[in-house]
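Structural description and commentary
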Amino acid sequence: MILNRRYRRKVTVPLPMQQETLIYNGNAQSPVWRNYDSNKMTVVGTTSSINAGTFTVSFAPKPGYCWSDGSIIPKNATWTIAKAAGSLSLDKTSLRFSAANETDTITVTRSGDGAITAVSSDTNVVTASVSGTTVTITSVDNGDAVVTITVAEGTNYTASADQAVSVTVETAPAANVFGVCWNMSSSSTALNRLTKSNDPNGLCTVDITTNPVPAVGTGAGSSPFDNYSPWKDMEEYNIINNVVSHKRGDAGFSRTSYDTMVYIPTFYYRIFDNSGKRYFYISDAEIDGFEKHPGSNKYVGRYNTISGYTSKSGSKPLVSITRSAARTGSKNKGNKWGQYDYATWCAVWLLYLVEFADWNSQSKIGQGIVNTSAAQNNGGTDTMSYYTGRAAGADGQTAVQYRHIENPWGNVQEFIDGVNFNSGTVYACTDPLKYADGTATGYINIGTKIQSNGWIKSIGLSLYAPWAFFPSAVGGSDSTYIPDYYYCSTGWRVPLVGSTYSNKLYSGLFGIFATLSASNTGTANGARLLYHP
């Protein structure tokens, strides 16, 4: 028996492949397959996805179909969802800091979940750190830097273009430094005010571009230094029972009931010569090359000492005393008391000089009580609203004050302790326990002064006490160089400063009267208190 069998040939089909490119869009997507026919084959595997990636499916021919190689086993094919282009934006692209250790943050907005990094171009200027989508930038020191923020490739987005943040750190200087320059060969009383741009030594950190305006009477006054220490902190205080107490303006403050003193804050100085010019600098903080002024951090009597060794308003200054008597009477108030000394007087004139940039204190503030027949009571400036200037009335017959210190020249001249002149040799001491007359014991020879009377033309510069003022030449006038008069004599002498009620233009902040021996007194020779905190 013969069986007739009928054979059917299988139909070949090609393996499907992805037809178009898919790009991540946040929605579920499936590929379109070229050569795919559901009547001819089956498909299993990952046929759709939301996230980007490469996926695999398996195709198998249905009965009656085979692949082009004649096989009918399942074959794999891949399809892809490409990552979308990444994006990056920042809420700030520039920052400025005015101090070290300040921080600011930048919020990063990005597509997807790519890792965020931030790198500073100069970690000596700023550093950067990342937490989540926040970049924190911290200032380190002065300078400019760029922080580059990067977002890496993530699950569904490519890496974005980097973004840059420009950062400037311009911290306030560690100290406020002020200065003036004196051309010693010029007859002008004016000094050149130094600024950051014109200071050849590069020490000034503050630009002062206007000049002080002293007050007359109850009128207004002003000074650009009113905003800066030490000048702004030169305030009046009552000292009661050897304790610094009421400040002017406080309840209980009184110029007639208690000792009234003016605080000289701590400050630092530097004085030196270069090419015929002398440079005077004041800093409100300790910095390299500067020294604490030995006359700072003291309380100076607002008024000349009156009977009973007090600094009060309303009475005539105490006169006809020796320096030794003034020293003893002042110290008898308590162990922190003394009389006005050389170092503190030098601190006051340096503060004035840097502020006013002129040796002529009489022309800048007022002549003072220098053209009368007798001394006046303390308190002539009490009605003034501003603390530098002269009282109302005829110039030359009215009291002056510099930053609350009344009559630093005029009315009566005052002994200063801690300095002895032996003919032309200047001996200085800054230890009140060693203050004494007619001796070099406990003192330092700081230089040589001129032994001729006259208008001061030049001053020495001591290697051991650069802060000290002593005339080294005379020959000026009442309107040139240092227009105050210097009197001297031979032997041991005790100097007075400030001049008297009848000295007219021979007076001024820088005038020195050094003709008296330790035993001499005078009807216009007085004192001023000093308190050492």
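Each residue is numbered by its place in its chain's sequence as written, counting from 1. Totals for whole chains, interfaces and linings use every residue, but because this is a predicted model, local features are given only for residues with pLDDT of at least 70 and side-chain atom pairs only at 80 or more, for both listing and counting. Heavy atoms from the whole structure form the basis of all side-chain values; hydrogens and water molecules are not counted.

1. Here's the deal with the overall build of the protein chain
Definition in use: A run of H or I in DSSP counts as a helix once it spans at least four residues, and a run of E counts as a strand once it spans at least two, with each numbered from the N terminus. The size measure is the radius of gyration over C-alpha atoms, and the globule rule it meets is 2.2 Å times the number of residues to the 0.38 power. Any residue under 20% of the maximum accessible area for its type is buried, any over 50% is exposed, and the rest in between are partly exposed; the area is computed with a 1.4 Å probe on protein chains only. Only heavy atoms enter the contact rule, under which two residues are in contact if any of them lie within 4.5 Å. When charges are counted, neither His nor the chain ends are considered; positive counts come from Lys and Arg and negative counts from Asp and Glu. Charge positions come from single atoms, namely NZ of Lys, CZ of Arg, CG of Asp or CD of Glu.
Of the regular secondary structure elements, the protein chain holds 3 helices and 42 strands. Computed over the C-alpha atoms, the radius of gyration of the protein chain is 43 Å, more than 25% above the 24 Å expected from 2.2 N^0.38 for a compact globule of 533 residues. Viewed in the frame of its principal axes, the protein chain has a C-alpha envelope of about 165 × 50 × 45 Å. The 533 residues of the protein chain split such that 50% are buried. Of the contacts made within the protein chain by residues no fewer than 6 positions apart, 64% connect residues no fewer than 24 positions apart. Mean positive and mean negative side-chain charge positions of the protein chain (41 and 38 charges, respectively) differ by 7 Å.

2. A closer look at the packing of aromatic side chains
Quick reminder of the rule: For Phe, Tyr and Trp, where Trp contributes only its six-membered ring, two rings pair if their centres lie within 6.5 Å, and the inter-plane angle classes them as stacked under 30 degrees, edge-to-face over 60, or tilted in between. In our convention, an over-ring charge means Lys NZ or Arg CZ found within 6 Å of a ring centre and within 35 degrees of that ring's normal.
Summed over the entire model, instances satisfying the criterion amount to 39 aromatic pairs. Each residue in the set W182, F280, Y342, W345, W349, Y352, F356, W359, Y402, W467, F469 and F510 is aromatic and connected to the rest through ring pairs, giving one cluster. Against the face of W337 rests K333, its NZ or CZ located 4.6 Å from the ring centre.

3. Digging into the pairing of strand β15 (residues 143–151)
Across a regular strand the side chains alternate sides, sitting on one face of the sheet and then on the other. Let me state the cut-off plainly: When DSSP locates at least two bridges between a pair of strands, those strands are taken to pair.
When strand β12 (residues 116–120) meets β15, the two strands line up antiparallel, connected through 5 bridges. Counterpart to A118 in the pairing with β15 is I149. Sheet analysis places β15 next to strand β16 (residues 163–169), joined by 7 bridges and oriented antiparallel. Looking across to β16, one finds that V147 is bridged to V165.

4. Some thoughts on the pairing of strand β33 (residues 425–428)
The sheet contact formed by strand β32 (residues 419–422) and β33 spans 4 bridges and is antiparallel. In the sheet register, N422 faces β33, and the bridge partner there is T425. Alignment of β33 against strand β34 (residues 444–448), held across 4 bridges, turns out to be antiparallel. The residue of β34 that forms the bridge with A428 is I444.

5. Focus on the environment of V169
Inspection of the secondary structure puts V169 in strand β16. Its relative accessible area of 3% is what places V169 among the buried residues. Separated by 67 residues in sequence, V169 and E102 have C-alpha atoms that sit 9.5 Å apart. With sequence-adjacent residues up to four places away left out, V169 is seen in contact with F97, V125, V126, S139, D141, N142 and G143.

6. Thoughts on the pattern of salt bridges
How we decide: Note on definitions: salt bridges are taken to be side-chain nitrogens of Lys or Arg within 4 Å of carboxyl oxygens of Asp or Glu.
What the rule picks out here adds up to 22 salt bridges. When the shortest N-O distance is used, the salt bridge between R302 and E236 registers 3.6 Å. Taken as a pair, R302 in strand β26 (residues 298–304) and E236 in strand β20 (residues 236–240) lie far apart in primary sequence, 66 residues in all. Both residues of the pair, R302 and E236, belong to the buried class. One salt bridge in this structure joins E414 and R528, with 2.9 Å as the shortest N-O distance. Here E414, found in strand β31 (residues 413–415), pairs with R528, found in strand β42 (residues 528–531); they are 114 residues apart in sequence, far enough to count as distant. A single burial state applies to E414 and to R528, both of which are buried. What you see here is one network of salt bridges that share partners, running through E236, R248, R255, R302, D382 and E406.

7. A short note on helix α1 (residues 323–331)
Counting along an α-helix, one turn takes 3.6 residues, and residues three or four places apart therefore face a common direction. Within α1, the full set of buried residues consists of R323, A326, R327, G329 and S330. For α1, the elements touching its buried residues are β27 (337–339), β31, β32 and β42.

8. Topic: the side chain of S507
To be explicit about the condition: What qualifies as a polar contact is a pair of N or O atoms within 3.5 Å, subject to a donor-acceptor requirement within protein and to the restriction that residues adjacent in sequence count only when both atoms come from side chains.
Its location among the elements puts S507 in the loop between β39 (496–497) and β40 (512–514). Take S507: its relative accessible area is 0%, and that puts it in the buried class. Looking at S507, its side chain comes within polar contact range of the main-chain oxygen of K504, at 3.1 Å. When near neighbours in sequence (up to four residues on either side) are disregarded, S507 contacts Q362, V370, P483, D484, S499 and T500.

9. Quick look at the side chain of R323
Checked against the element boundaries, R323 lands in helix α1. Residue classification places R323 among the buried positions, given a relative accessible area of 0%. In terms of polar contacts, R323 uses its side chain to reach the side chain of D437, at 2.8 Å. Not counting the four nearest positions on each side in its chain, R323 is found in contact with Q339, F415, I416, D417, G418, V419, N420, A436, D437, V494 and P495.

10. A closer look at the sheet that holds strand β3 (residues 22–23)
What links the strands of a sheet is backbone hydrogen bonding, and the strands pair in either a parallel or an antiparallel sense. Taken in spatial order, the 4 strands line up as β3-β8-β6-β5 in an open sheet, and their pairing is mixed. Edge strands, defined here as strands with exactly one partner in the open sheet, are β3 and β5 (41–45). As judged from the 7 bridges shared by strand β6 (residues 53–61) and strand β8 (residues 75–82), these two strands associate in the antiparallel manner. Its bridge partner being in β8, V57 is matched across the sheet by A77.

11. As for the environment of W467
You can see W467 is positioned in the loop between β35 (454–459) and β36 (471–474). Taking the C-alpha atoms as reference, W467 lies 9.9 Å from Y342; in sequence the two are 125 residues apart. The contacts of W467, once residues within four sequence positions are left out, are Y269, I271, H293, P294, Y342, A343, C346, W349 and T430.

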